[in-house]
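Chain and residue survey
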Amino acid sequence: MKVLVTGGAGFIGSNFVLHLLERDPEIEILNFDALTYAGNLENLRAVESDSRHRFVKGDICDHHAVAEALDESIDAVVHFAAESHVDRSVEGPGIFLRTNVVGTQVLLERLRQLGHLDRQRFVMVSTDEVYGSLGPSGAFTETTPLGPNSPYSASKASADLVCRAYHHTFGLDVVTTRCSNNYGPFQFPEKLIPLMIANALEEKSLPVYGDGRNVRDWLHVRDHCTAIDTVMRHGRSGEIYNIGGNSERENIEVVRFILDHLEKSHELINYVTDRPGHDRRYAIDASKIRDELGWEPQIDFERGMGETIDWYLAHADWLDQVRSGAYRGYYEQMYGNRGAHRG
Ligand code: NAD
Ligand code: TYD
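Residues numbered from 1 in each chain as written. Chains lettered and ligands numbered in written order. Predicted model: local features only at pLDDT ≥ 70, side-chain atom pairs only at ≥ 80, totals over all residues. Heavy atoms only, no water.

Attention now moves to the site of ligand 1. In the neighbourhood of ligand 1, 29 residues make up the surrounding shell, with Ile12, Asp33, Ser84, Tyr152 and Lys156 lying closest. The contact in question runs from a nitrogen atom of ligand 1 to an N or O atom on the side chain of Asp59, over 2.9 Å. Between Ser84 and ligand 1, the recorded distance is 2.6 Å, taken from a side-chain N or O atom to an oxygen atom. In isolation ligand 1 has 830 Å² of accessible area, and contact with the protein removes 96% of it. For the shell around ligand 1, the secondary structure elements donating two or more residues are helix H1 (11-23), strand E5 (121-127), helix H5 (151-170) and strand E7 (181-183). (Near = heavy atom within 4 Å. Polar contact = N/O pair within 3.5 Å; in protein donor to acceptor, adjacent residues only side chain to side chain. Areas by Shrake-Rupley, 256 points an atom, 1.4 Å probe, with all protein chains shown as cover. Helix = DSSP H or I, 4+ residues; strand = E, 2+ residues; numbered from the N terminus.)

Shown next as structure tokens:
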């Protein structure tokens, strides 16, 4: 099987590349990523010499680059590439619309042109945030109406609808996944968990938005990868699958867990002004993927968090490089004289 992974140098995409290489000896991966601030080839250092993986630097909004990478030899596109951080979307929504909506449409349009409608699958990696915010009870199902509240979630919901239209109108083989918050190795330290770990390690204050009682459902990234792999191979065309971790936690509980695990003082917690439009609660009903495809999360939150914090402790160099921006020199150093492709 030959898979085009977009955004495969980001947090979830790089974990997915590592997962496929570990699980499937026959796999061929073309990793297509623009290497924005969130893309980091250091994440893939362990598989640098694996000939089943090839990296191509390219922008999903660039028709020519997409046409070159996405040809008839590709069996499936797994689409992670996106602007992914809500706070950045509040600062500047434009790039979110460009990358997340237009970029997705460029990929779909290329598949339409190729015309192998039932032989080239498109997996749209979306988010539970497209459903909006919940009150104290209930959970999102696949039929919950869309109600995105941030520019980030609005751009993801828009992309989901473009996927729906390409399936409905042109018969493209599209499957969409909507997952809750991920955590695990290689997550960029702008997101809650790695940010709090990094700050706690440096004994800097931990900025908790609002009252700290917003609730997220947390899923270990390895569980997300097995879910996407399952959907890629067995999901029904045109369907949406929610993916969740059955691990709802208030933000403040997550922050206290990190401080306790690192044996740091709770006095580092600093309540700061809330995020504008901050969604109160997300929760996922993932019974469809369980009943239809037999997928369930395997990693319990406390175990997964303990492992994750220990991973960041053991990879202080990775964290330092990301925080200092030094990782951005890696591509130039590795590829500056070599052109865009590598085996
Ligand atoms: P990330 O920000 O860590 O990585 C995004 C990757 O996309 C980076 O490698 C970046 O270089 C690349 N990229 C950005 N713009 C691009 C462009 N124009 N062309 C090509 N590549 C581009 O994101 P992540 O947290 O790994 O999320 C991956 C996907 O999963 C996103 O689509 C996100 O919406 C979705 N998702 C994330 C979470 C989560 O908790 N992180 C939860 C549910 C869904
Ligand atoms: P985040 O990791 O940005 O994911 P998302 O907004 O996509 O759910 O944030 C998770 C939760 O943590 C969210 O409720 C906002 C909150 N948060 C803080 O309280 N402080 C922070 O510094 C960050 C980045 C997030």
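Let us keep going from here.
Packed helix pairs are specified by the crossing angle of their axes together with the interaxial distance, meaning the distance between the axes. For the pair helix H8 (residues 251-261) and helix H10 (residues 301-314), interaxial distance at closest approach is 11 Å and the crossing angle is 55°. Taken together, the axes of H8 and H10 lie oblique to each other. Note on packing geometry: the crossing formed by H8 with H10 is right-handed. Across from Val254, Phe257, Ile258 and His261 in H8, the residues of H10 making contact are Phe301, Glu302, Met305, Gly306, Ile309 and Asp310. Residue composition of the contact of H8 with H10, grouped by class: six nonpolar, two polar and two charged. (Axes fitted to C-alpha atoms, helices over the stretch in contact; angles between N-to-C directions. Parallel < 35°, antiparallel > 145°, perpendicular 65-115°, else oblique. Left-handed = near helix turned anticlockwise from the far one by under 90°. Contact = heavy atoms within 4.5 Å. Nonpolar A, V, L, I, M, F, W, Y, C, P; charged D, E, K, R; others polar.)

Of all hydrophobic cores here, the largest spans 31 residues; its most connected members are Ile193, Ile258 and Met305. Elements supplying a minimum of two residues to this core: helix H6 (192-201), strand E8 (206-209), H8, H10 and helix H11 (316-324). Residue contributions to this core peak at six residues, all from H6. Contacts of Ile258, omitting those with residues within four sequence positions, involve Ile193, Met196, Ile197, Met305 and Ile309. (Core = buried A, V, L, I, M, F, W, Y, C linked by side-chain atoms within 4.5 Å. Buried < 20%, exposed > 50% of the residue type's maximum accessible area, 1.4 Å probe, protein only.)

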